[in-house]
Every structure is written in C-alpha cells, then in structure tokens.
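Listed here are the chains, written in short residue letters.
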Amino acid sequence: MSESASAQIGVGACRISDRGRDLVMEVLESGRLSAGPMMERLEGELARLHHRRYGLMCNSGTSALHIALAALGEIEGWEPGDEVLVPALTFVATANVVLHNGLTPVFVDVEPDGFGMDPAQIERHLTPRTRAVMPVHIGGQPCDLPAISEVAHSHGLRIVEDSAEAMFVSVGGRPVGSFGDVACFSTYVAHLVNTGVGGVCITDDDEILTILRSLMNHGRDPLYTRIDDDRGAEGDELDAITRSRFSFVRLGHSFRCTEMEAALGLAELEQWEPAMVARRRNAQTFLDGFADLEDWLQLPYPRPDSEHGYMFFPIVVRPPAVSRDALVGYLEAHGIETRPLLPLINQPLYRRLYGSLDADNPVAAYLNEAAFYIGCHQYLTDGEIAHVIDVVHQFFEGAT
C-alpha cells in the first residue's frame with residue numbers, strides 16, 4: 001500500500017528555487033522593474049530553443065494569443081467577422097481571443113487520442129472568409145502540425161500556434177513553436193516554465209514583432225516601447241525617439257510583464273531539462289501503473305514521431321465502463337485534484353452564442369463527458385504517485 005496523501009495532490013505546483021530568489025533580488029536591487037535585461041535573456045533563449053529569431057514576453061499566454069491575432073489581422077487587413085479555425089476542445093482562451101479581436105471562431109473537431117485539431121476536418125470548415133488556423137498542443141502533446149500546416153499553406157491561411165501547454169517538444173523532429181507565423185507560450189503556474197503570470201510570443205517575422213511590441217504597449221509608436229530603446233541613439237535618431245515616446249499609432253493594450261517574472265522564468269529555464277525528465281518519468285509510472293486498466297481507461301501515449309511534454313496526465317474513461325464523474329468524485333474524495341479535459345463547446349457562453357455544437361464535433365462532445373486530467377508535474381513524490389495509482393485501482397475494484 002502507498003502512503004496516504006496528507007494534503008491534496010494538485011494538478012500543478014510551484015517551488016521557488018534559490019536561484020529564482022537570487023535573480024529576483026538582483027532585479028529588486030537594480031531598481032529596474034520594467035522590461036529589461038532579464039526579459040531580453042528569457043525572450044531570446046525561449047525563441048532560440050524553439051528555432052525562432054525573436055521572442056516577446058507579455059503578461060499571459062492569453063495576451064500573447066490576443067496580440068498575435070491582432071498583428072496578423074492588421075498586416076492582412078482582416079475585416080470584422082472574418083473566421084479563425086480553432087479546435088473544439090481547448091482552454092477557453094483560444095476561442096475567446098478570436099472574439100475579442102472582432103473575428104469569428106469556427107470549431108474543428110479533434111482527434112480522439114492526442115486531442116489536437118483533426119487535420120482531416122479542416123477543409124470542410126473553410127469558407128471565403130477563413131483567414132487563419134489556431135492549432136493547440138493539448139497537455140504537452142503536439143498536434144499533427146505537419147498535416148495542419150500543409151492544409152493551411154495550401155489555402156493561404158495564417159497559423160498561430162497555441163503552445164501554451166507545450167514547450168521543448170518536437171513533432172517530426174521539429175520543435176513546437178516553429179511552424180506558425182507566431183507561436184504563443186504560457187508561463188502560468190503548472191506550466192513547465194512558471195513565472196506566476198506571463199506569456200511569450202515567438203516569431204521569425206520582423207514586421208510581426210514590431211506590431212506585437214506596439215500592441216502590448218497601448219499601441220505606442222514602435223520606435224519606443226521599452227525604456228532603453230533610446231540607448232546609444234543620437235542626433236536625428238534620438239530626436240525621432242524623443243518625439244515618439246508619447247505617440248500612439250494603433251489601438252493597443254497594457255499587456256506588459258515585469259523583470260521579476262522574467263527573473264523567475266530564467267531560473268526555471270535553467271532547469272527545464274530535469275523538469276521535463278521528471279514529468280516524463282512520472283507519466284511513465286502512471287502508464288505502467290494503469291496498464292492493467294486499459295479496458296476501462298484510455299491512457300496518454302505519445303503520438304508516433306512526436307514527443308510529449310506531459311503538462312498534465314489526461315485520462316479518458318472508456319464507455320460503457322463507469323462514469324467519468326464517478327471516478328473523478330472518488331479521486332477528489334481521496335485528496336487527488338482533477339480537471340475536466342478543457343471543455344469548450346459545452347461552456348455556457350458558447351452554448352449561448354452558438355447553440356449546441358455537439359453534432360458537428362462528436363469527438364470533442366464525447367471527451368467533454370468522458371475525459372479529465374490529473375497532475376504529473378515534477379514535484380510529485382513517489383508516495384503521491386503510488387497513492388493515486390492505488391486509489392484508481394480501489395475505485396475499479398469497487399465498481400466491477
């Protein structure tokens with residue numbers, strides 16, 4: 001028997017390292033809280049590790065998605081109501097940012113195993129107003145980006161990768177974040193690189209980067225979006241920057257982050273490889289521990305030719321075994337935190353806006369009833385993992 005869990009076993013956890021404390025203190029002692037050298041280092045390293053030229057940190061992954069769409073819309077001249085394809089199963093922010101940009105989300109059903117947007121379903125949703133596609137890497141599992149990219153490029157669609165739940169994983173030997181015009185990460189609690197709040201856009205495109213910088217800074221003239229953009233400037237260049245400091249050229253937002261979050265991110269970034277090893281080890285322990293239950297449970301094995309980042313450990317209860325809610329209730333009663341697997345089309349907001357979308361998205365509708373996730377983060381102890389495995393087995397012993 002495993003040790004009993006004395007406290008809730010969460011889907012995520014936060015541990016501030018000594019290195020993180022030191023870097024935050026370095027920021028505080030510098031007197032510089034606005035974006036500076038810590039942020040530049042974090043942005044550059046995240047971009048480099050995902051084979052991109054530029055990174056830009058903002059205050060959330062949601063904000064990153066928001067300005068990514070806004071930048072592409074400005075460049076392409078999108079009109080209100082133009083359409084963006086989003087998966088029918090994802091965190092609500094993916095679809096929300098489409099609406100916030102005055103665009104129309106069009107929901108594409110997902111694959112039953114990896115839970116990503118199904119490439120085979122894309123073309124039937126295309127209309128003359130389709131402008132972009134937003135694939136999402138659910139729980140650290142890359143979706144079929146090569147196939148999605150092929151369809152998107154053949155129809156002239158822009159791609160915004162919602163990589164909020166996936167960093168440092170590859171599909172077809174190529175890292176997530178390197179397929180889209182822009183890719184967006186989240187550094188919220190429970191993600192692999194955790195800064196409390198935060199998000200990062202990465203891109204290769206100079207024009208996109210320039211507009212992103214402006215959009216996250218109230219629409220300020222791109223000549224001056226950070227306080228050292230005038231560093232080394234003189235003569236006419238300095239005059240132009242001086243005049244631009246309070247010039248606003250587009251409708252923007254206050255989506256900035258601080259050097260303190262960036263400092264925490266740098267410390268986390270230094271440890272991403274052992275953190276990933278630990279998550280994959282924990283996930284493998286769950287896979288081994290639940291292997292005898294595969295008649296009842298669908299388990300999250302990596303896709304062929306793909307890595308898995310295991311931001312969390314998703315489980316699908318196979319019909320007609322037992323109800324997902326009964327298993328979830330049993331886990332919660334035994335101190336194991338759960339979450340539904342990112343239901344979207346059944347959210348009250350989207351039911352109100354679009355009615356029932358279940359018939360058009362049968363896989364997502366099924367997963368909304370049958371799927372959930374538990375934590376497999378790097379801070380789980382062996383005893384906690386054993387407790388989870390034991391509790392799941394106890395449930396099925398009582399249910400069969």
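Here, the structure is the one placed above.
Criteria and cut-off values
Residues numbered from 1 in each chain as written. Predicted model: local features only at pLDDT ≥ 70, side-chain atom pairs only at ≥ 80, totals over all residues. Heavy atoms only, no water. Salt bridge = Lys/Arg side-chain N within 4 Å of Asp/Glu carboxyl O. Helix = DSSP H or I, 4+ residues; strand = E, 2+ residues; numbered from the N terminus. Buried < 20%, exposed > 50% of the residue type's maximum accessible area, 1.4 Å probe, protein only. Pairing = 2+ DSSP bridges. Core = buried A, V, L, I, M, F, W, Y, C linked by side-chain atoms within 4.5 Å. Contact = heavy atoms within 4.5 Å. Axes fitted to C-alpha atoms, helices over the stretch in contact; angles between N-to-C directions. Parallel < 35°, antiparallel > 145°, perpendicular 65-115°, else oblique. Left-handed = near helix turned anticlockwise from the far one by under 90°. Patch = residues over 30% accessible without salt bridge, like charges linked within 9 Å, V, L, I, M, F, W, Y side chains within 5 Å. Areas by Shrake-Rupley, 256 points an atom, 1.4 Å probe, with all protein chains shown as cover. Polar contact = N/O pair within 3.5 Å; in protein donor to acceptor, adjacent residues only side chain to side chain.

(A) Region of the structure containing the pattern of salt bridges. Applying the stated rule across the entire model yields 19 salt bridges. Salt-bridge contacts for E270 lead to R19; the nearest nitrogen and oxygen are separated by 3.0 Å. Pair noted here: E270 is in the loop between α8 (259–269) and α9 (272–289) and R19 is in helix α1 (residues 18–30), with a separation of 251 residues, a long-range link. E270 gets classed as partly exposed once you look at its relative accessible area, which sits at 41%. A relative accessible area of 37% means that R19 is categorised as partly exposed. Several salt bridges converge on common partners, so that one network encompasses R32, D228 and R231.

(B) Fine view of the sheet that holds strand β12 (residues 339–340). Pairing is antiparallel in the open sheet, where four strands are placed in the order β10-β11-β13-β12. Each edge of the open sheet is held by one strand with a lone partner, namely β10 (297–298) and β12. Note that β10 and strand β11 (residues 313–317) share two bridges and pair antiparallel. Within the sheet, the bridge partner assigned to Q298 lies in β11 and is V316.

(C) View of the nonpolar core. Counting 53 residues, the largest nonpolar core has L89, F107 and M134 as the members making the most contacts within it. Secondary structure elements with two or more residues in this core: β1 (54–58), α3 (61–76), β2 (83–87), α4 (92–100), β8 (182–186), α6 (206–215), α12 (362–370) and β13 (371–374). Among the elements that take part in this core, α3 stands out by supplying eight residues, more than any other. If sequence neighbours within four positions are ignored, L89 has contacts with V110, F115, I138, L341, L342, A364, L367 and N368.

(D) The sheet that holds strand β4 (residues 130–133), seen in detail. On the basis of which strands lie adjacent, the open sheet formed by seven strands has the order β1-β9-β8-β5-β4-β2-β3 and mixed pairing. Pairing within the sheet leaves two strands with one partner each, and these edge strands are β1 and β3 (104–108). Strand-to-strand twist in this sheet, taken as the mean axis angle between neighbours without regard to direction, amounts to 25°. The pairing of β1 with strand β9 (residues 199–203) spans five bridges and is classified as antiparallel. Within β9, the residue paired with M57 across the bridge is V200. Each of β1, β2, β5 (158–162), β8 and β9 is contacted by α3, which is oriented at about 175° to β5, the strand it contacts most.

(E) Structural detail: the packing of α3 against α6. Interaxial distance between α3 and α6 falls to 9 Å at its minimum, and their mutual angle equals 120°. When the axes of α3 and α6 are compared, the pair comes out oblique. Once α3 is placed against α6, the crossing between them reads as right-handed. Two secondary-structure elements touch here, α3 through I67, A68, A70, A71, L72, E74 and I75 and α6 through E207, I208, I211, L212 and L215.

(F) Molecular detail of a nonpolar patch on the surface. On the surface, L99, L349, L353 and Y354 cluster together into a nonpolar patch covering about 300 Å² of accessible area. Ranked by the residues each element gives to the nonpolar patch, the list is headed by helix α11 (residues 348–354), at three residues. Summarising the element assignment, L99 is placed in helix α4. Since its relative accessible area comes to 31%, L99 is described here as partly exposed.

(G) Main features of unusual backbone geometry. Cis geometry marks the peptide bond from P319 to P320; its omega dihedral reads -5°. Within the fold, P320 resides in the loop between β11 and α10 (324–333). Phi at F115 is positive, roughly 75°, even though this residue is not glycine. Counting through the fold element by element, F115 comes out in the loop between β3 and β4. Overall, the relative accessible area of 4% leaves F115 in the buried class. One non-glycine residue with positive phi stands out, namely L342, at about 50°. Relative to the helices and strands, L342 resides in the loop between β12 and α11.

(H) Just the side chain of R52, in detail. Within the element layout of this structure, R52 appears in the loop between α2 (37–49) and β1. Within the structure, R52 has its side chain in polar contact with the backbone oxygen of G180 (distance 2.3 Å). If sequence neighbours within four positions are ignored, R52 has contacts with A47, G177, S178, F179, G180, I202, T203 and D204.

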